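# Structural characterization, general
Chain residues, written in single-letter form:
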Amino acid sequence: MESLQRPQIICHVQKALNYTIHDVKWIPCSAKFVSIGGKSNGAGIIETYSISGEGIEKVSEFGKKDHFKCGTFHASSLRDRHLATGDFSGRLQVWDLEENLVPIYKSEKHRGVINAIDGVAGAVSGCGAPEIVTGSKDGAVMVWDVRQKDTPVAKFCGGSQGRDCWSVAFGNSYNNEERVVAAGYDNGDLKVYDLRSMAVKWSKCLKNGIVSLQFDRKDIPMNKLVATTLESKIFCFDVRTQHPTRGFAQVVEKAHSSTVWCARHLPQNREIFMTTGGTGSLCLWKYNYPTRRVEKDADGLEYGVAGELNLLQNSTLSDQPITSFDWCPEKAGLAVCSAFDQTIRVLITTKLNLY
């Protein structure tokens with residue numbers, strides 16, 4: 001009975017494709033999503049799908065000469081809904097999905113694959129300029145304002161020489177001055193860059209390559225940051241209170257028995273997030289705050305107190321790693337994911353309103 005009362009992760013519909021899918025993203029304010037990837041001949045492809053009574057229907061597609069690696073709508077307004085992408089040649093491009101012959105913005109400053117991308121102040125009503133951050137195999141983290149042509153507004157080379165940047169995330173954008181970028185590297189380095197002071201705000205080595213990063217919300221003072229790594233580790237940091245020597249409080253869990261490919265917070269409840277694993281599994285987690293989030297040490301300095309992570313549900317959908325996942329911003333529990341078996345799956349997670 002207890003298992004029936006917990007949330008259930010249901011595969012509503014799935015569709016096999018004929019190319020490698022690197023990322024999937026919901027188009028804001030719609031029942032559509034995009035599949036981002038590349039074909040065996042090296043060409044990149046972006047397809048738009050719609051959910052209908054018949055299942056999943058392809059609405060449109062377009063291709064370019066290089067594999068697309070990642071994408072985001074978060075730097076675009078809800079009116080425009082422009083898709084920003086990074087590809088295997090190091091190009092950042094912003095696309096109007098209705099007029100996709102040429103990108104409306106393009107830069108080729110990276111010297112390697114753009115592994116990760118994120119946006120801010122666009123789809124989510126927030127503060128500050130609409131910006132895009134990219135992390136690349138060349139080790140550079142670049143911040144872009146699409147109103148400024150071909151030149152990043154900020155650049156950080158925080159990883160050791162030759163280190164890949166695998167993940168990036170915006171956070172702390174609660175007014176027009178404050179904003180941070182978190183970056184994770186293949187050697188386990190986690191760095192939080194302050195865009196106001198253009199300096200490293202905090203850094204820590206997690207010992208394993210950091211595959212995914214996400215703040216629970218971008219448009220509030222830093223609250224929680226989830227990092228997932230190789231070797232099955234999930235780190236949840238309370239980034240509200242920073243101690244001079246201890247840094248941020250953290251809770252660590254192990255899941256999936258393999259690489260934890262990504263973690264995505266539920267937009268309607270930021271204490272809940274989904275992780276995907278190399279075993280083709282999904283795990284639904286809830287973060288429980290401690291009774292007191294802040295304590296003082298012997299010197300009277302404040303330090304954070306970590307909460308607990310509770311596993312609400314897990315489910316295995318594929319015999320291949322699930323490498324990307326995205327919640328629908330408008331419909332709680334509706335999500336889309338993709339795996340190395342070249343299949344996209346639309347998921348429904350039930351009973352989230354009980355948590």
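Description of the structure in this document. (Residues numbered from 1 in each chain as written. Predicted model: local features only at pLDDT ≥ 70, side-chain atom pairs only at ≥ 80, totals over all residues. Heavy atoms only, no water.)

## Concerning the overall build of the protein
- Looking only at helices and strands, the protein features 1 helix and 30 strands.
- Over its C-alpha atoms the protein spans a radius of gyration of 19 Å, differing by no more than 12% from the 20 Å that the globule rule assigns to 355 residues.
- Principal-axis analysis of the C-alpha atoms gives the protein an extent of 60 × 55 × 35 Å.
- Residues classed as buried in the protein amount to 57% of the 355 residues present.
- A sequence separation of at least 24 residues applies to 50% of the contacts in the protein between residues at least 6 apart. (Helix = DSSP H or I, 4+ residues; strand = E, 2+ residues; numbered from the N terminus. Rg over C-alpha atoms; globule rule 2.2 N^0.38 Å. Buried < 20%, exposed > 50% of the residue type's maximum accessible area, 1.4 Å probe, protein only. Contact = heavy atoms within 4.5 Å.)

## Description of the packing of aromatic side chains
- Using the criterion set out here, one finds 12 aromatic pairs in the structure.
- Ring plane angle 75° and centroid distance 4.8 Å describe the contact between Trp202 and Phe248, whose orientation is recorded as edge-to-face. Taken together, the residues Trp202 in strand β17 (residues 199–205) and Phe248 in strand β21 (residues 247–254) connect sequence positions 46 residues apart.
- Its relative accessible area of 8% is what places Trp202 among the buried residues.
- Put simply, the rings of Trp202, Phe235, Phe237 and Phe248 pair up and form one aromatic cluster. (Phe/Tyr/Trp six-rings, centres within 6.5 Å; stacked < 30°, edge-to-face > 60°.)

## Comments concerning the pattern of salt bridges
- Tallying each qualifying case throughout the model produces 18 salt bridges.
- Two residues, Glu47 and Lys58, come together in a salt bridge whose shortest N-O distance is 3.3 Å. Here Glu47 is found in strand β4 (residues 44–52), whereas its partner Lys58 is found in strand β5 (residues 55–64), with 11 residues between them in sequence.
- Overall, Glu47 belongs to the buried group, its relative accessible area being 4%.
- Residue Arg345 pairs with Asp341 through a salt bridge whose shortest N-O separation is 2.9 Å. (Salt bridge = Lys/Arg side-chain N within 4 Å of Asp/Glu carboxyl O.)

## With respect to the sheet that holds strand β2 (residues 20–26)
- One open sheet accounts for 4 strands, arranged β2-β3-β4-β5; its pairing is antiparallel. Looking along the sheet, the strands with just one partner apiece sit at the ends: β2 and β5. Going across the sheet, the axis of each strand differs from the next one's by a mean of 25°, ignoring polarity. (Pairing = 2+ DSSP bridges. Axes fitted to C-alpha atoms, helices over the stretch in contact; angles between N-to-C directions.)

## What to know about unusual backbone geometry
- Even without glycine at this site, Lys207 takes up a positive phi of about 75°.
- By secondary structure assignment, the location of Lys207 is in the loop between β17 and β18 (210–215).
- Its relative accessible area of 73% is what places Lys207 among the exposed residues.
- In this model, Lys351 sits at a positive phi of 60°, which is unusual for a non-glycine residue.
- Locating Lys351 in the fold gives a position in the segment after β30 (343–349).

## Thoughts on the sheet that holds strand β7 (residues 83–87)
- Pairing within the open sheet is antiparallel, and its 4 strands lie in the order β6-β7-β8-β9. Looking at the sheet topology across the chains shown, the edges are occupied by β6 (68–72) and β9 (105–107). For this sheet, the mean inter-axis angle between neighbouring strands, taken without regard to orientation, is 20°.
- By the bridge criterion, 4 bridges tie β7 to strand β8 (residues 92–95) in an arrangement that is antiparallel. Counted as the bridge partner of Leu83 is Trp95 from β8.

## Brief notes about the pairing of β17
- Across 6 bridges, the pairing between strand β16 (residues 189–194) and β17 is antiparallel. Within the sheet, the bridge partner assigned to Lys191 lies in β17 and is Ser203.
- What sits between the antiparallel neighbours β16 and β17 is a turn of 4 residues, in which Met198 has the positive phi angle 55°.

## As for the side chain of Thr323
- Secondary-structure assignment places Thr323 in strand β28 (residues 322–327).
- Residue classification places Thr323 among the buried residues on the basis of a relative accessible area of 12%.
- Non-local contacts of Thr323, meaning those with residues more than four positions away in its chain, are made with Ile21, Trp261, Cys262, Ser338, Ala339 and Phe340.

## Description of the environment of Tyr174
- Within the secondary structure layout, Tyr174 lies in the loop between β14 (165–171) and β15 (180–185).
- Distance in space between the C-alpha atoms of Tyr174 and Met222 is 8.8 Å, their sequence separation being 48 residues.
- Leave out the neighbours within four places in its chain, and Tyr174 touches Cys127, Asp219, Ile220 and Pro221.

## Quick look at the pairing of β8
- Alternating residues of β8 divide into Leu92 and Val94 and Gln93 and Trp95, and every residue in both groups is buried.
- Linking β7 to β8, which pair antiparallel, is a turn of 4 residues; within it Gly90 sits at a positive phi near 85°.
- As paired strands, β8 and β9 are joined by 3 bridges and run antiparallel to one another. Bridging across to β9, Leu92 finds its partner in Ser107.

## Observations regarding the environment of Lys65
- Relative to the helices and strands, Lys65 is located in the loop between β5 and β6.
- Looking at Lys65, the relative accessible area reads 63%, which means it is exposed.
- On a C-alpha basis, the gap between Lys65 and Ser50 in space is 25 Å, while along the polypeptide they are 15 residues apart.
- In this structure, Lys65 is in contact with Gly42, Ala43, Gly44 and Arg91, ignoring residues within four places of it in sequence.

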